[in-house]
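Chain by chain, the residues:
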Amino acid sequence: MITFSHPKDPSRDFCQWDYSRPSEVHSRSIRQENIIFAAAEQLDPSGHTLKILRLVQEAAGHFNTVWGLKNSGATSSIELYFYDYERTFTTTSPNIILNSVSHLLSVDLNVPTTTPFFMWSIEIVPTGEKIINDIDLYFSGAGGTISSGECYTLGVNNYEFKNIYYFFESERDKELIYEALTSGPRARIITDFPSFLHPRMASEQLYVVARKRFSDGIYLSRVPLDKSIEILKQAEFNQSVRNFLERNYSSLTHHLYDIGIDYKMNCQNDFSIEKSAIYGIF
């Protein structure tokens, strides 16, 4: 069932930061949750994954969850992110959310309440048993011109460092973005990157550079729908999702989107996309 937007709905990016809508809400405007719900139905016709999303939305409340739909080759997964910059974790507490999907947990996970994380996430693979094995915790970092963060996976007995992120303002910080992109061992010069990933080529407002264990990442935040579709096509993202965006284009243009690209570059500077993602809220 399609859910329609209301003018009073919040407009937020994947950091749950507010932005100004690119266009007004009209009578046929629909919410971003329709994208992830349609994808869940396509990826898992049994309806089990969609039920999980509904349970989480009920537990967290509307617009309090960021969803990420990720695509790597023939494999798709859904990651759900829960923010609380005040570190109080009331409606988005791990205990509340994990309890709503407790039947999916392969192990008991004890999240320390004294740990000062501002966001946490779980990943669901819509195949097999859909078991959640661990969760990721996100902490404030150092660097970037707007913000930065560090991600750790919380397993049964330990934390494992996973990623670090640097946030920049695309228009103002182009030179700093170029420096961040080319400072690591996986890149040499900015011209090695596809043109659609250069700052402001996607009309994004924020640009995020990520360092990861086996690849690096670029996140383009607050991207118009037409540019988002172009990038997802370049990344050979899930065709049914792209079809949904194109089919409902006029109903989705009042949102901005967040696009993620994980990439590798070998010693010959050959660029390859390892994973791509689109994000929204529900």
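This text follows the structure it describes.
The model shown is predicted, which means the values in this text are computed figures rather than measured ones.

Participant: Looking at this structure, how should I read the sheet that holds strand S6 (residues 159-169)?
Facilitator: Each strand in a sheet pairs with its neighbour through backbone hydrogen bonds, running either in the same direction (parallel) or in the opposite one (antiparallel). With antiparallel pairing, 10 strands are arranged side by side around a closed barrel as S1-S2-S3-S4-S5-S6-S7-S8-S9-S10. Each strand axis lies, on average, 25° off the axis of its neighbour in the sheet, ignoring direction. In terms of strand pairing, strand S1 (residues 65-72) meets strand S10 (residues 271-281) through 6 bridges, oriented antiparallel. Its bridge partner lying in S10, Val66 is registered against Ile281. Those strands touched by helix H2 (residues 48-60) are S1, strand S2 (75-83) and strand S3 (119-124), and its axis lies near 5° from that of S2.

Participant: Just checking my understanding: could you explain the pattern of salt bridges for this structure?
Facilitator: Working definition: two side chains of opposite charge can pair if their charged atoms are close together. Using the criterion set out here, one finds 11 salt bridges in the structure. Here Arg12 makes a salt bridge to Asp18, at a shortest N to O gap of 3.7 Å. Given a relative accessible area of 58%, Asp18 falls into the exposed group. With its nearest N and O atoms 2.6 Å apart, the salt bridge here joins Lys162 to Asp136.

Participant: Which parts of the structure should I look at to understand the nonpolar core?
Facilitator: What tends to happen in soluble globular proteins is that the nonpolar side chains get buried as a cluster. Leu69, Leu80, Trp120, Leu181 and Ile278 are the most contacted members of the largest nonpolar core, which has 62 residues in total. Apart from residues lying up to four places away in sequence, Leu80 is in contact with Leu53, Val56, Thr65, Val66, Trp67, Trp120, Ser121, Ile122, Ile124 and Phe282. Counting residues in each nonpolar core, the second largest holds 18 residues, with Phe63, Val66, Tyr138 and Tyr165 among its members.

Participant: Sorry, what's going on with the packing of aromatic side chains here?
Facilitator: Both the distance between ring centres and the angle between the ring planes are used here to describe each pair of aromatic rings. Summed over all chains, the structure comprises 19 aromatic pairs. Here the aromatic rings of Tyr138 and Tyr165 are separated by 6.4 Å at their centres, their planes lie at 40°, and the arrangement is tilted. Of the two residues, Tyr138 is situated in strand S4 (residues 135-140) and Tyr165 in strand S6; the sequence distance between them amounts to 27 residues. Here Tyr138 matches Tyr165 in class, with each residue buried. Ring pairs connect the aromatic residues Phe14, Tyr81, Tyr138, Tyr165, Tyr219 and Tyr279, which therefore count as one cluster. Between Arg54 and the ring centre of Phe37, over which it is positioned, the NZ or CZ distance is 4.1 Å.

Conventions adopted
Residues numbered from 1 in each chain as written. Predicted model: local features only at pLDDT ≥ 70, side-chain atom pairs only at ≥ 80, totals over all residues. Heavy atoms only, no water. Pairing = 2+ DSSP bridges. Helix = DSSP H or I, 4+ residues; strand = E, 2+ residues; numbered from the N terminus. Axes fitted to C-alpha atoms, helices over the stretch in contact; angles between N-to-C directions. Contact = heavy atoms within 4.5 Å. Salt bridge = Lys/Arg side-chain N within 4 Å of Asp/Glu carboxyl O. Buried < 20%, exposed > 50% of the residue type's maximum accessible area, 1.4 Å probe, protein only. Core = buried A, V, L, I, M, F, W, Y, C linked by side-chain atoms within 4.5 Å. Phe/Tyr/Trp six-rings, centres within 6.5 Å; stacked < 30°, edge-to-face > 60°. Lys NZ or Arg CZ within 6 Å of the ring centre and 35° of its normal.

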